[in-house]
Amino acid sequence: FMCGTSVLDKDGVSAAVVIAEMAAWLDTKGQTLAHQLTEIYKTYGYHISKTSYFLCYDPPTIKRIFERLRNFDMPDSYPTSCGTYGILHVRDVTTGYDSSQLKKKSVLPVSKNSQMITFTFQNGCVATLRTSGTEPKIKYYAEMCALPGQRWGNSSLSTEPDS
């Protein structure tokens, strides 16, 4: 819990306040957060995400990591798979490249002063690697979304009966 005058993780604290506000509002309607989450799953499908980071105190090493991803097998080539998982598209906001676009140009603004590459896998997973603007971190975000009416089984999506 938070003590003192510094906020250790302002994003987490802000999210907790929003969830508390939502829980209070739902309670006035006789509903719970669990019920609301079930309704969200029915409307938007199941979502799963994994986020974390690696510490790296050497900026040249960070630059080499991202340059290696941009020049994987040869100059100006990105990986086409990660293990057995095929990569469908790559978006590199640092260089302005996006293989999903007709002219291969990112529709997101180019940010040459930071590193950020997103991989969209054939199985629907989307994974982004980026540097932090304030800390010596390489952050990663991976997410998958199932369609409404589907959920994850042991290792793949399975159809869930409507209830």
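Provided above is the structure to which this section pertains.
Read on for an overview of the structure. (Residues numbered from 1 in each chain as written. Predicted model: local features only at pLDDT ≥ 70, side-chain atom pairs only at ≥ 80, totals over all residues. Heavy atoms only, no water.)

A few points about the side chain of serine 132
Working step 1: Among the structural elements, serine 132 can be located in the loop between β6 (126-131) and β7 (137-145).
Working step 2: Here serine 132 falls in the buried class, since its relative accessible area comes to 13%.
Working step 3: In this structure the side chain of serine 132 is engaged in a polar contact, spanning 3.0 Å, whose partner is the backbone nitrogen of glutamate 135.
Working step 4: In contact with serine 132, not counting residues within four places along its chain, are Lys137 and Lys139. (Helix = DSSP H or I, 4+ residues; strand = E, 2+ residues; numbered from the N terminus. Buried < 20%, exposed > 50% of the residue type's maximum accessible area, 1.4 Å probe, protein only. Polar contact = N/O pair within 3.5 Å; in protein donor to acceptor, adjacent residues only side chain to side chain. Contact = heavy atoms within 4.5 Å.)

A few points about the pattern of salt bridges
Side chains that carry opposite charge are capable of pairing whenever their charged atoms lie near each other.
Working step 1: This model, assessed by the stated rule, comprises four salt bridges.
Working step 2: Across the salt bridge formed by glutamate 39 and lysine 42, the nearest N and O atoms sit 3.6 Å from each other. Taken as a pair, glutamate 39 and lysine 42 lie in helix α2 (residues 33-44) at a separation of three residues, close to a single helical turn.
Working step 3: Given the relative accessible area of 31%, glutamate 39 is considered partly exposed. (Salt bridge = Lys/Arg side-chain N within 4 Å of Asp/Glu carboxyl O.)

Focus: the packing of aromatic side chains
Working step 1: A full pass over the atoms with the stated rule returns three aromatic pairs.
Working step 2: Their ring planes at 35° and their centres at 5.5 Å tell us that phenylalanine 54 and tyrosine 140 sit as a pair that is tilted. Of this pair, phenylalanine 54 sits in strand β1 (residues 47-55) while tyrosine 140 sits in strand β7; the two residues are 86 residues apart in sequence, bridging distant segments of the chain.
Working step 3: Note on tyrosine 78 and tyrosine 97: the rings are 5.1 Å apart at their centroids and 10° apart in plane angle, and the pair reads as stacked. Of the two residues, tyrosine 78 sits in the loop between α3 (59-70) and β2 (81-82) while tyrosine 97 sits in strand β4 (residues 97-98), which places them 19 residues apart along the sequence.
Working step 4: Residue class for tyrosine 78 comes out buried when judged on its relative accessible area of 14%.
Working step 5: Judged by relative accessible area, which is 27%, tyrosine 97 ranks as partly exposed.
Working step 6: The ring of phenylalanine 72 has arginine 68 sitting right over it, with the charged end atom 4.6 Å from the ring centre. (Phe/Tyr/Trp six-rings, centres within 6.5 Å; stacked < 30°, edge-to-face > 60°. Lys NZ or Arg CZ within 6 Å of the ring centre and 35° of its normal.)

Observations concerning the pairing of strand β3 (residues 85-92)
Working step 1: Bridging between β2 and β3 involves two bridges; their strand directions are antiparallel. Bridge pairing in β3 places cysteine 82 opposite tyrosine 85.
Working step 2: Once β2 ends, the chain turns through two residues before running back antiparallel as β3, passing glycine 83 with a positive phi of about 65°.
Working step 3: Pairing of β3 with strand β5 (residues 116-121), which is carried by five bridges, proceeds in the antiparallel orientation. Residue pairing in the sheet places isoleucine 87 in a bridge with phenylalanine 121 of β5.
Working step 4: Sheet topology note: the β3/β4 ladder contains two bridges and is antiparallel. Among the inter-strand pairings, arginine 91 is bridged to a residue of β4, identified as aspartate 98.
Working step 5: The hairpin formed by β3 and β4 contains four residues between the paired strands, and glycine 96 there has a positive phi angle of roughly 90°. (Pairing = 2+ DSSP bridges.)

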